[in-house]
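Letter by letter, the chains look like this.
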Amino acid sequence: MESKIEILSTVKVQSSPDLYKIVDALNRTLKHQDLMFGLALDKEDQEKMVFTIYRT
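Residues numbered from 1 in each chain as written. Predicted model: local features only at pLDDT ≥ 70, side-chain atom pairs only at ≥ 80, totals over all residues. Heavy atoms only, no water.

Enquirer: Break down the nonpolar core for me, citing the residues and quoting the values.
Expert: Ranked by size, the top nonpolar core spans five residues in total: Val-23, Leu-30, Leu-35, Phe-37 and Phe-51. At the level of elements, α1 (19-30) and β2 (35-41) are the ones that each hand at least two residues to this core. If sequence neighbours within four positions are ignored, Leu-35 has contacts with Leu-8, Leu-30, Tyr-54, Arg-55 and Thr-56. (Core = buried A, V, L, I, M, F, W, Y, C linked by side-chain atoms within 4.5 Å. Buried < 20%, exposed > 50% of the residue type's maximum accessible area, 1.4 Å probe, protein only. Helix = DSSP H or I, 4+ residues; strand = E, 2+ residues; numbered from the N terminus. Contact = heavy atoms within 4.5 Å.)

Structure follows, in structure tokens:
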């Protein structure tokens, strides 16, 4: 059985040291609704982060 991950939304936000805590809380709370959240450092601007919402 193949698992497909679909990107629903992506947004760039100002980097913050505690931003990962929000992403962790969202992942723990909404995983049963087939949603997953990601956070990555923006490759073009090190002061920004990319927040992504996925459907699994």
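Enquirer: So what's going on with the sheet that holds β2? Residues and values would help.
Expert: The antiparallel open sheet is built from three strands, whose spatial order is β1-β3-β2. Of all strands in the sheet, those bounded by a partner on one side alone are β1 (6-14) and β2. Geometrically, the sheet is characterised by an average inter-axis angle of 20° between neighbouring strands, direction not taken into account. Both β2 and strand β3 (residues 48-55) contribute to a ladder of seven bridges, which runs antiparallel. From the neighbouring strand, Ala-40 faces β3, where its bridge partner is Val-50. Set on the sheet, α1 makes contact with β1, β2 and β3; between it and β2 the angle comes to about 165°. (Pairing = 2+ DSSP bridges. Axes fitted to C-alpha atoms, helices over the stretch in contact; angles between N-to-C directions.)

Don't take any of this as a statement about function, it's just geometry.
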